[in-house]
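In case you want the letters, here they are:
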Amino acid sequence: MPEPVDVPATKAKTLLGQFGLRAKKGLGQHFLVDRRVLRRIVAAADLTSEDTVIEVGPGLGILTRELAQQAGRVMAIEADSEMVSALSEIVARHPNLTVIQGDIMRVDPVSLLPSPTGAPTSYKVVANIPYYITSAVLRHFLEASRQPALMVVMVQKEVGKAIVAQPGDMSLLAVSIQFYGKPSIVARVPARSFYPPPKVDSVILRVDVHDKPPVDVPSARAFFETVRAGFSAPRKQLRNSLAQGLAVGTQEAADLLQRAEIDPRRRAETLSIEEWGRLCRERDRLES
């Protein structure tokens, strides 16, 4: 018989009651209570005893304990001070686990990493991220001075689908993530897998971070300046949206696109990462 699934009336609700806590809507707290999903997350992270893991928003530690059993070291950062107090008791028996109170958006990931030889160790990010900060947290790690080798995160289903989109359905978010890594959806997660259940389903998203960007560009900053300009009016043809975003004439934008071998009549959502790279390089040549 399959292993029973933990349900809200047991695991999470019992722990909340034990410590006199409640799920805080303002912090986007939805606690994972499905062991099958838990196993999928941990398996997707490919953890070994050599791995250091940063977990964002550990909450009641349901995922945290599984990570501590598989990884060599776990750094769990939680913004809710009341939750930190409870979590420290819940996971106290794991000596390889450190609970830190703080806002991940105000913390340099490198500062969380052990550095016995003076150089920060490599790490992975595994987390059930509150929906309202998903994009910001992903960018925070991917743009950090030391990026993770791998990210496995729970995100809203529609956000996950947007991140893995291909040319034809690309968005600024998709380009932003795919510039740094290769995203893939591991599994769909129904709302009932959480307590309290959110209003939407989720997906487990895995991002295999590139050792170097997949396109040759002058800098990440120049690349994203170009991409943001192209998406400044995404429903318009590129020659118009790029002109608006770069504050240049429509003909000048069209000429730039043609130099990059891109039809000026196309829309931003149709371009591949490689095409954005070509456009960035052409713009750099004209401006240098």
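Each value, and the rule that gives it
Residues numbered from 1 in each chain as written. Predicted model: local features only at pLDDT ≥ 70, side-chain atom pairs only at ≥ 80, totals over all residues. Heavy atoms only, no water. Core = buried A, V, L, I, M, F, W, Y, C linked by side-chain atoms within 4.5 Å. Buried < 20%, exposed > 50% of the residue type's maximum accessible area, 1.4 Å probe, protein only. Helix = DSSP H or I, 4+ residues; strand = E, 2+ residues; numbered from the N terminus. Contact = heavy atoms within 4.5 Å. Axes fitted to C-alpha atoms, helices over the stretch in contact; angles between N-to-C directions. Parallel < 35°, antiparallel > 145°, perpendicular 65-115°, else oblique. Left-handed = near helix turned anticlockwise from the far one by under 90°. Pairing = 2+ DSSP bridges. Salt bridge = Lys/Arg side-chain N within 4 Å of Asp/Glu carboxyl O. Arc of directions from axis to C-beta. Phe/Tyr/Trp six-rings, centres within 6.5 Å; stacked < 30°, edge-to-face > 60°.

Participant: Any chance you could explain the nonpolar core here in plain terms?
Facilitator: Side chains of nonpolar character tend, in soluble globular proteins, to be buried together. Residues Phe141, Phe223 and Trp276 are the most contacted members of the largest nonpolar core, which totals 55 residues. Here the element with the most residues in this core is helix α7 (residues 172-180); it accounts for six residues. Not counting residues within four places of it along the chain, the set of residues in contact with Phe141 comprises Ile54, Val56, Ile104, Pro109, Tyr123, Val125, Gln147, Pro148 and Met151. Phe31, Leu63, Leu97 and Phe194 belong to the second largest nonpolar core, which has 38 residues in total.

Participant: Got a minute to help me understand the packing of helix α10 (residues 250-259) against helix α11 (residues 273-287) in this structure?
Facilitator: Any two packed helices are characterised by the angle at which their axes cross and by the distance between the axes. Taken N-terminus to C-terminus, the directions of α10 and α11 make an angle of 120 degrees; their axes are 8 Å apart at the nearest point. As the angle between them shows, α10 and α11 are arranged oblique. Of the two elements, α10 crosses α11, and the hand of that crossing is right-handed. Where α10 abuts α11, its residues Leu256, Leu257 and Arg259 lie against Leu279, Glu282, Arg283 and Leu286.

Participant: Is there a simple way to think about the pairing of strand β2 (residues 52-56) in this case?
Facilitator: The side chains of a regular strand alternate between both faces of the sheet. Among the five residues of β2, five are classified as buried, and the element is accordingly described as predominantly covered. Burial along β2 is two-sided: Thr52, Ile54 and Val56 facing one way and Val53 and Glu55 facing the other are all buried. Across five bridges, the pairing between β2 and strand β3 (residues 73-78) is parallel. Considered in β3, the bridge of Glu55 is made with Ala76. The pairing of β2 with strand β5 (residues 124-128) spans two bridges and is parallel. Across the sheet, Ile54 pairs through a bridge with Val125, a residue of β5.

Participant: What am I meant to see in the pattern of salt bridges here?
Facilitator: Side-chain pairs of opposite charge can arise where the charged atoms are in close proximity. Considering all chains together, one arrives at 18 salt bridges under this definition. Note that Asp263 and Arg265 form a salt bridge whose closest N and O atoms lie 3.0 Å from each other. Judged by its relative accessible area of 53%, Arg265 falls in the exposed class. Residues joined in a network through salt bridges with shared partners are Arg221, Glu225, Arg283 and Glu287.

Participant: Just checking my understanding: could you explain α10 for this structure?
Facilitator: One turn of an α-helix holds 3.6 residues; hence residues three or four places apart share an orientation. Buried within α10 are the following residues: Ala253, Ala254, Leu256 and Leu257. In a view along the axis of α10, the buried residues occupy a sector of 160 degrees, so they form one face of it. Structural note: α10 exposes Gln251 and Glu252 on the side pointing more than 90 degrees away from its buried face. Those residues of α10 that are buried are in contact with α9 (238-246) and α11. Downstream of α10 by a residue or two, Glu261 has a phi angle that is positive, lying close to 60 degrees.

Participant: Would you take a moment to explain the packing of aromatic side chains for this structure?
Facilitator: How two aromatic rings sit relative to each other is given by the distance of their centres and the angle of their planes. Under the criterion given, the structure shown has seven aromatic pairs. On the numbers, 5.2 Å between centres and 75 degrees between planes, the contact of Phe179 with Phe224 is edge-to-face. Of this pair, Phe179 sits in helix α7 while Phe224 sits in helix α8 (residues 220-230); the two residues are 45 residues apart in sequence, bridging distant segments of the chain. Overall, Phe179 belongs to the buried group, its relative accessible area being 2%. By relative accessible area, which is 8% here, Phe224 ends up buried. Relative to Phe224, the ring of Phe223 has its centre 5.1 Å away and its plane inclined at 85 degrees; by these criteria the two rings are edge-to-face.

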